[in-house]
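A closer look at the structure
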Amino acid sequence: MLTICAMIKLVFVAVSVVAFLRLSFADDVNLSNGWSCDPRPDNSTTAAFKANLNSLLGLLEEQGPRNNGFYKTEVGERGDKLYGLVQCRGDVSAQDCAACTKDAVKEDLTECNNTRSAALWFRWCFLRYSQENFFGQWEDGMSVGISNNNATADSPAVVIKGMNLMSQLAYEAPDQPFMFKTGSVGVGKNETRYGLAQCNRDLSKSSCGKCLTSLAGIFSQQIGNTSSFSEISMGCTMLFDRYKFYFNYSLPASGGVAPTLPSHRGLQIGRYAGLQISLAAVATVLLSV
């Protein structure tokens, strides 16, 4: 859990090139939405902490895709103990979940080296670990909105329909078996807006509802008239777009093992590290918590 006045580095990516825009309508792509790292105060890593972290990341990478896209565990003892979880988007196949988790682990080792806690957001998955037990806790007050530069401007009537859709998904998602819900709404002239709401599965239904309700409120304040918007936080996620970004795949309602499906071809974007590169406009934001 983040300490008071801890400075958290968040890097968010807004893809703007035409090539990505064309690909978006054919298939969703996996890219990094950013990361949050909380350095160890002594700026040193003990051998036990490093071993625990490697073990934890290995377990998350191995077990997440095998458990319907969600796995949480704890590793170690006393001062070097770590708690961690990984969660993939509910419409993502096991293969894509594995690929995303692998990318998240790699990014953690690159961007969040020697940190006592980290959170990494990708389009298809979320990975988090901490030296404090955060399981089952909804942490209000930290959420970030991301508007893609390739979004179009919606009319006021379309904006209202989009907000109503996201509010409805926020209301319905907590009661779903995996607290995951997608939906769409027609907005006229053969156009549709699509939405997704998902909570981390360590949360209770009540906490999930609070998390999504909070995001829906922020969503209505930040979306403006954009047709493509994401809202991410430590406990839940909401996505909204003018194309059907989610896949024709769903988790088993019984909680059993999901079937194996072909992976989707995603566009991989490299390291961001505060640089502006050809495929992404990158912003670095420092937040005091």
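Reading the values: rules and limits
- Residues numbered from 1 in each chain as written.
- Predicted model: local features only at pLDDT ≥ 70, side-chain atom pairs only at ≥ 80, totals over all residues.
- Heavy atoms only, no water.
- Pairing = 2+ DSSP bridges.
- Helix = DSSP H or I, 4+ residues; strand = E, 2+ residues; numbered from the N terminus.
- Core = buried A, V, L, I, M, F, W, Y, C linked by side-chain atoms within 4.5 Å.
- Buried < 20%, exposed > 50% of the residue type's maximum accessible area, 1.4 Å probe, protein only.
- Contact = heavy atoms within 4.5 Å.
- Disulfide = S-S within 2.5 Å.
- Axes fitted to C-alpha atoms, helices over the stretch in contact; angles between N-to-C directions.
- pLDDT = per-residue confidence, 0-100.
- Parallel < 35°, antiparallel > 145°, perpendicular 65-115°, else oblique.
- Left-handed = near helix turned anticlockwise from the far one by under 90°.
- Nonpolar A, V, L, I, M, F, W, Y, C, P; charged D, E, K, R; others polar.

Alignment of strand β3 (residues 70–75) against strand β4 (residues 82–88), held across six bridges, turns out to be antiparallel. Across the sheet, the residue bridging to T73 is G84, located in β4. The antiparallel pairing of β3 with β4 creates a hairpin that spans six residues between the two strands, and G76 there sits at a positive phi of about 95 degrees.

A few words now on the nonpolar core. Side chains of a nonpolar character, in soluble globular proteins, are inclined to be buried together. In terms of nonpolar packing, the biggest core is built from 25 residues, with L53, L56, L57, L82, C125, L127 and Y129 touching the most fellow members. Residue assignment for this core shows that the elements contributing at least two residues are β2 (32–39), α2 (47–63), β4, α3 (94–111), β5 (115–122) and β6 (125–130). In contact with L127, not counting residues within four places along its chain, are L57, L60, L85, V86, A104, V105, A118, A119 and L120. Core analysis: the second largest hydrophobic core is formed by 19 residues, M166, L169, C211 and F219 among them.

Right, let's talk about the state of the cysteines for a bit. Summed over the entire model, instances satisfying the criterion amount to five disulfides. Covalently, C100 is tied to C125 through a disulfide, its sulfur atoms 2.1 Å apart. Between C100 and C125, the S-S torsion sits near -85 degrees, and that sign places the bridge as left-handed. Of the two residues, C100 is situated in helix α3 and C125 in strand β6; the sequence distance between them amounts to 25 residues. Residue classification places C100 among the buried positions, given a relative accessible area of 0%. C125 gets classed as buried once you look at its relative accessible area, which sits at 4%.

Moving on, we come to the sheet that holds β4. Taking strand neighbours across the sheet as the criterion, the five strands line up as β2-β5-β6-β4-β3 in an open arrangement whose pairing is antiparallel. A strand with exactly one partner marks an edge of an open sheet, and here the two such strands are β2 and β3. Going from strand to strand, the sheet's axes swing by 10 degrees on average, the running direction of each strand aside. Strand direction decides the pairing type here: β5 and β6, joined by five bridges, are antiparallel.

Bringing the confidence of the model for the protein chain into the picture now. Put simply, the protein chain has an average pLDDT of 78, and 74% of its residues get 70 or more. pLDDT under 50 marks residues 254–289. Its contacts with residues more than four places away, or in other chains, come to 91 contacts.

Turning our attention to the packing of α2 against α3. Contact geometry of α2 with α3 gives a least axis separation of 9 Å together with a crossing angle of 160 degrees. As far as their axial angle goes, α3 and α2 are roughly antiparallel. Seen along the crossing, α2 lies across α3 with a hand that is right-handed. Contacts between α2 and α3 involve N54, L57, L60 and E61 on the former and, on the latter, T101, K102, V105, D108 and L109. Residue composition of the contact of α2 with α3, by class: four nonpolar, two polar and three charged.

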